[in-house]
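Residue strings, one per chain:
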Amino acid sequence: MASDVDPPATGPFEGPEKLLEIWFQPSPADVPGASTSIDGKFGLRKVSRDVWADMLDIVQCKILSVVEGTEMDAYLLSESSFFVSPHRIILKTCGTTLNLLGVPRILEIARDHASLPSVHQCFYSRKTFMFPERQLGPHRDWLAEIEFLDSIFPNGAAYTIGKVNGDHWLLYITTPGDDGLKTTSGSPIENLKTLPDVESCEPVLKLPESGSADAVEQDYTIEILMTHLAPAACRPFIYDHSDASEIRPSEHASALSSELGVSELFPPDVTTLDGYSFTPCGYSCNALIKWRENAGVDPAHSGEGYYTIHVTPEEGWSYASFECNVPLPTSPTEKCSGIPDLKTLIGRVVSIFQPGRLTLTLFISSEDNDTAEEEHGESAVEAAQRAFKAALTLPSSKVVDADSEEAGAAGGFRGIYRRTDKINYEFGGYDLAFATFELRR
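Analysis parameters
Residues numbered from 1 in each chain as written. Predicted model: local features only at pLDDT ≥ 70, side-chain atom pairs only at ≥ 80, totals over all residues. Heavy atoms only, no water. UniProt positions renumbered as here; feature names shortened; annotations may be inferred. Pairing = 2+ DSSP bridges. Helix = DSSP H or I, 4+ residues; strand = E, 2+ residues; numbered from the N terminus. Axes fitted to C-alpha atoms, helices over the stretch in contact; angles between N-to-C directions. Contact = heavy atoms within 4.5 Å. Phe/Tyr/Trp six-rings, centres within 6.5 Å; stacked < 30°, edge-to-face > 60°. Core = buried A, V, L, I, M, F, W, Y, C linked by side-chain atoms within 4.5 Å. Buried < 20%, exposed > 50% of the residue type's maximum accessible area, 1.4 Å probe, protein only. Parallel < 35°, antiparallel > 145°, perpendicular 65-115°, else oblique. Left-handed = near helix turned anticlockwise from the far one by under 90°. Nonpolar A, V, L, I, M, F, W, Y, C, P; charged D, E, K, R; others polar.

- The protein appears in an unreviewed UniProt entry as S-adenosylmethionine decarboxylase proenzyme from Sparassis crispa.
- Here is the UniProt Sequence similarities (unreviewed entry) comment for the protein, exactly as written: "Belongs to the eukaryotic AdoMetDC family."
- Annotation of the protein in UniProt includes, under Pathway (unreviewed entry), the sentence "Amine and polyamine biosynthesis; S-adenosylmethioninamine biosynthesis; S-adenosylmethioninamine from S-adenosyl-L-methionine: step 1/1."

### A look at the sheet that holds strand β3 (residues 73-77)
For step 1, the next point in the chain: Pairing within the open sheet is antiparallel, and its eight strands lie in the order β2-β3-β4-β5-β1-β6-β8-β7. Every other strand in the sheet has two partners, leaving β2 (63-68) and β7 (156-162) as the edge strands with one partner each. Averaged over neighbouring strand pairs, the angle between their axes works out to 10° when direction is ignored.
For step 2, the next point in the chain: Two elements, β7 and strand β8 (residues 168-174), share seven bridges in a ladder whose sense is antiparallel. Counted as the bridge partner of Y159 is L171 from β8.
For step 3, the next point in the chain: Sheet strands in contact with helix α2 (residues 103-114) are β1 (18-23) and β5 (88-93), and its direction is about 25° off that of β1.

### Comments concerning the sheet that holds strand β12 (residues 271-277)
For step 1, the next point in the chain: Read from one edge to the other, the open sheet built from eight strands follows the order β12-β13-β14-β15-β11-β16-β20-β19, with strand pairing classed as antiparallel. Of all strands in the sheet, those bounded by a partner on one side alone are β12 and β19 (417-426). The sheet shows a mean angle of 10° between the axes of neighbouring strands, taken without regard to direction.
For step 2, the next point in the chain: Sheet topology places β19 next to strand β20 (residues 430-439); nine bridges connect them, and they run antiparallel. In the strand pairing of β20, K422 is matched with A435.

### Details of the packing of aromatic side chains
For step 1, the next point in the chain: Under the defined criterion, the tally for this structure stands at 18 aromatic pairs.
For step 2, the next point in the chain: Plain terms: the ring middles of F131 and W317 are 6.2 Å apart, the flat faces sit at 80° to each other, and that makes the pair edge-to-face. Residue F131 is located in the loop between β6 (121-127) and α3 (142-150), and its partner W317 is located in the loop between β14 (304-312) and β15 (319-324); the two are separated by 186 residues in the primary sequence.
For step 3, the next point in the chain: Three or more aromatic residues joined by ring pairs make a cluster, and in this case those are F123, Y159, W169, F363, Y425, F427 and Y430.

### Side note on the nonpolar core
For step 1, the next point in the chain: Formed by 51 residues in total, the largest nonpolar core has its most connected members in Y307 and F388.
For step 2, the next point in the chain: Ranked by residues supplied to this core, first place goes to helix α6 (residues 342-353) with seven residues.
For step 3, the next point in the chain: Counting 41 residues, the second largest nonpolar core, distinct from the first, contains I22, A34, V51 and I63.

### Points about the packing of α6 against helix α7 (residues 380-393)
For step 1, the next point in the chain: Between α6 and α7, whose axes approach to 8 Å, the crossing angle comes to 40°. On the basis of their axis angle, the class for α6 and α7 is oblique. For the crossing formed where α6 meets α7, the hand is right-handed. Contacts from L342, K343, I346, G347 and V350 of α6 reach α7 at A384, A387, F388, A390, A391 and L392.
For step 2, the next point in the chain: The residue makeup of the contact of α6 with α7, split by class, is nine nonpolar, one polar and one charged.

### Here we look at the packing of helix α1 (residues 49-59) against α2
For step 1, the next point in the chain: Where α1 meets α2, the closest approach of the two axes is 10 Å, and the angle between their N-to-C directions is 165°. When the interaxial angle is binned, α1 and α2 end up roughly antiparallel. Handedness of the crossing formed by α1 with α2: right-handed. Note on element contacts: α2 touches α1 through R105, I106, I109 and H113, opposite V51, W52, D54, M55 and I58.
For step 2, the next point in the chain: Class assignment of the residues belonging to the contact of α1 with α2 gives a composition of six nonpolar, one polar and two charged.

Right, dumping it as structure tokens:
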């Protein structure tokens, strides 16, 4: 993804993102001011754009636009996205950004501007880099990233999921509720002071059970990380310089989103979409989804989520990512909410970008991994694996060549994939479904 915000970098662009998520409390209801707020602007959402921009300068990216939702704010960046909820931040950055170097400043901001001096839980993850030699600072090597995070958090654990000599996913996770940040000499946060430990509790979001109004409290994130995009899928994201001055980047992105079906991934009436088309190529968008009618009414019960898409269309290192935290049923329901099930959403995303290879991860909280919620006798992650396979490996009524013009139209792609890896992982309080697929030729 190239940007017209800063001078373009020479050489290939690193599409795969670094994803940082820091929870300062288990839920918005636990944040100071939650009970008295009337507009949702409490906790970290009180922090001004200028303060966040100062932190992002350290990371080496800029704010392009902001959408203020009912429960969270979505910042579109020159290199990916930044989401702010009262109790949590999610920072996703691509290229050679210095994502982790922003952590000490984020902790300072939470302490000084939101009265949140303690970390409930931290997550950091990424796919393997295409060009690791181009990375800077601690991002040059996974072990260096672990060392940097270990210098801040005393209770972290690092994992490699997948083939070490192939597509794999890297995860760093801390124990929830143990907020004893390291402040020894030389630590990146040696001047920070923390309050006493908060009670250990899992992060929570409402998860619909087969689309019903009743819900189970869970944190839910699906990622679809795609490489080797078909040329027909890349072409819409590459722009003619002669047209650059005719339309604003946000207007071009809006038209492109409608043309390709991005605007229809979720029902438009519950979606606020903010997009940006980069020059000479590339695309990013954030979307806020009000998946529950009473979103914003009760800080203890989430009703608003997000999805975010980022596209690097250059030949040789094409890449697209989709991430969403709206809880989805794993199979179609009879409800008419319009929120897609997991299989349907995967099919919609893949049909737009037509990847030759893709990695899927579903990261979902569970109160007890040994007694996880079951759907028809399956664990949540096994049900997700079934949805992954059904969406990608089963033939449909129409098969279209990925390189054809017909495939370039939204919904025209009907490629069939074979699964190359499947791993279910149990962490303390979280389950992971990981799978990789490649297009059959």
